[in-house]
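# Coordinates in review
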Amino acid sequence: MPRFRRPSRLLASAAAALLAATAATAAATPASANAPEPYTEPPFAAACDWHAYGEGETPDPWLWLSDPVCVEYSKRDITLDNGGAVRFLLAEPARFALALPVCRYYQRDHWSVQSTTGAVPYVSWDGRYWFDKRGRRAAMLLTNFKVGGATAGIGDLVTALRPHVPELADALEAYGDEAGETGLAVTLPFSLLCAGR
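Described in the following lines is the structure provided in the data block. Each chain has its residues counted from 1, following the order in which its sequence is written. Residues qualify for local features only when their pLDDT is at least 70, as the model is predicted, and side-chain atom pairs are given and counted only at 80 or more; totals for whole chains, interfaces and linings, by contrast, use all residues. Processing note: side-chain calculations cover all non-hydrogen atoms of the structure and skip hydrogens and water entirely.

### Comments concerning the state of the cysteines
What makes a disulfide is a covalent bond joining the sulfur atoms belonging to two cysteines. Two cysteine sulfur atoms make up a disulfide if the distance between them is within 2.5 Å. For the structure shown, the criterion picks out two disulfides. Across a sulfur-sulfur distance of 2.0 Å, Cys48 and Cys70 are joined as a disulfide pair. Taking the torsion about the S-S bond as the criterion, the Cys48 to Cys70 disulfide, at about -60°, is left-handed. Of this pair, Cys48 sits in the loop between α1 (8–26) and β1 (51–53) while Cys70 is found in strand β2 (residues 69–78), placing the two residues 22 residues apart along the sequence. Residue Cys48 shares its accessibility class with Cys70, and that shared class is buried. For Cys103, the disulfide goes to Cys194, at an S-S distance of 2.1 Å. Handedness here is read from the sign of the S-S torsion; for Cys103 and Cys194, about -90°, the answer is left-handed. Placement of the pair is Cys103 in the loop between α2 (84–99) and β3 (104–113) and Cys194 in helix α5 (residues 192–195), with a sequence separation of 91 residues. Buried residues are those whose accessible area, probed at 1.4 Å on protein chains only, stays under 20% of the maximum for their type, while exposed residues exceed 50% and partly exposed ones sit between those limits. Cys194 sits in the buried class, given a relative accessible area of 2%. Sequence-ordered numbering of the bonded cysteines in the protein chain yields a pairing of 1-2, 3-4. Here a helix means four or more residues in a row that DSSP labels H or I, a strand means two or more in a row labelled E, and each is numbered from the N terminus.

Structure, rendered in structure tokens:
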């Protein structure tokens, strides 16, 4: 299995950004009362009308009026040489802003972080994250981990993250499997805004 050295800070930053939408909705209950469970697909998945966005592309502002909001983002061009990392960083605030006010949200995305265009990625993975504020559930699933172009187990990612984001490393380790997948579901606090919808 390849060792992940120099780009571990970049990976830690990307992984932290990856979890922000789900974490922002789940932050209000104590850990003991909100013990995570294995990942499941959202109960509203069959109702999704998917909207796909390319590298650095921001979602349509009117999309927050949909219910549920279901989006797919390509994040495979996170590089320094062609401005891919800058486009990624500029698009993320609008992507988060779309997710925060809605009651049911499902996101799929595809990540790849590399030094230069065409280089073997330092790390790549696919993610799925959803929340249902009415049903008071949120979940995330990370799959297809590769480090240095080689398939990696969750242990490699945990080792890379532990010095920088130990809480995230602990969560990934607790819910990861040998196939390189990790996923969990949590209970959300009550949302007055979504209760009547």
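### With respect to the side chain of Lys75
With respect to the helices and strands, the residue Lys75 is situated in strand β2. Polar contact criterion, stated in full: a pair of N or O atoms within 3.5 Å, where within protein one must be able to donate a hydrogen and the other to accept it, and residues adjacent in sequence count only if both atoms are side-chain atoms. A distance of 3.2 Å separates polar atoms of two side chains, one belonging to Lys75 and the other to Asp109.

### Points about empty space enclosed by the protein
Residues are called lining when one of their atoms sits within 4 Å of a cavity or pocket point, these points coming from a 1 Å grid over the protein atoms alone, where a cavity is a set in which a 1.4 Å probe fits but cannot get out and a pocket is an open set with protein on both sides within 12 Å along at least five of seven lines. Grid points are joined across faces, edges and corners, and a volume is the space filled by probe spheres set on the points. Tallying each qualifying case throughout the model produces two cavities of 30 Å³ or more. Approximately 40 Å³ is the volume attributed to the second largest cavity. If you trace the second largest cavity, you find it lined by Glu55, Gly56, Ser74, Lys75, Asp77, Gly84, Arg87, Phe88 and Arg95. Among the elements of the structure, β2 and α2 are those that each provide at least two residues to the lining of the second largest cavity. Broken down by element, the residue count for the lining of the second largest cavity peaks at four residues, all from α2.

### Examining the pairing of β2
Extensive coverage of β2 is indicated by the burial of eight of its 10 residues. At least two DSSP bridges between two strands are required for those strands to pair. Here three bridges tie β1 to β2, and the two strands are oriented parallel to one another. Within β2, the residue paired with Ala52 across the bridge is Glu72. Relative to β3, β2 runs parallel, the two being bridged by eight bridges. Bridge assignment links Val69 to a residue of β3, and that residue is Tyr105. Assessed by its sense of winding, the connection that carries the chain from β2 through α2 to β3 is right-handed. A crossover counts as right-handed when, viewed with the strands pointing away from the observer, the path leading from the first strand over the helix to the second turns clockwise.

### Regarding unusual backbone geometry
At the junction of Asp67 and Pro68, the peptide bond is cis and its omega measures out at 0° in the coordinates. Within the secondary structure layout, Pro68 lies in the loop between β1 and β2. Even without glycine at this site, Arg136 takes up a positive phi of about 60°. Structurally, Arg136 can be placed in the loop between β4 (123–132) and β5 (137–147). On the basis of relative accessibility, which here comes to 34%, the residue Arg136 falls in the partly exposed class. Non-glycine residue Asn144 carries a positive phi angle of around 55°. Looking at the element boundaries, Asn144 is found in strand β5. For Asn144, a relative accessible area of 47% translates into the label partly exposed.

### Thoughts on the environment of Leu192
The residue Leu192 is located in helix α5 in this model. Along the chain, Leu192 and Arg134 lie 58 residues apart, while their C-alpha atoms are 9.0 Å from each other.

### Some points on the pattern of salt bridges
Here, a salt bridge means any side-chain nitrogen of Lys or Arg that lies within 4 Å of a carboxyl oxygen of Asp or Glu. Enumeration over the complete set of coordinates arrives at nine salt bridges. In this structure, the salt-bridge partner of Asp67 is Arg134, at a minimum N-O distance of 2.5 Å. With a gap of 67 residues between them, Asp67 in the loop between β1 and β2 and Arg134 in the loop between β4 and β5 connect regions that are remote in the sequence. Residues Arg87 and Asp77 are paired through a salt bridge, measuring 3.0 Å at the closest nitrogen-oxygen approach. Linking Arg87 in helix α2 with Asp77 in strand β2, this pair joins segments that are 10 residues apart in sequence. Each of Lys75, Glu92, Arg95 and Asp109 takes part in one network of salt bridges that share partners.

Geometry only, nothing functional implied.
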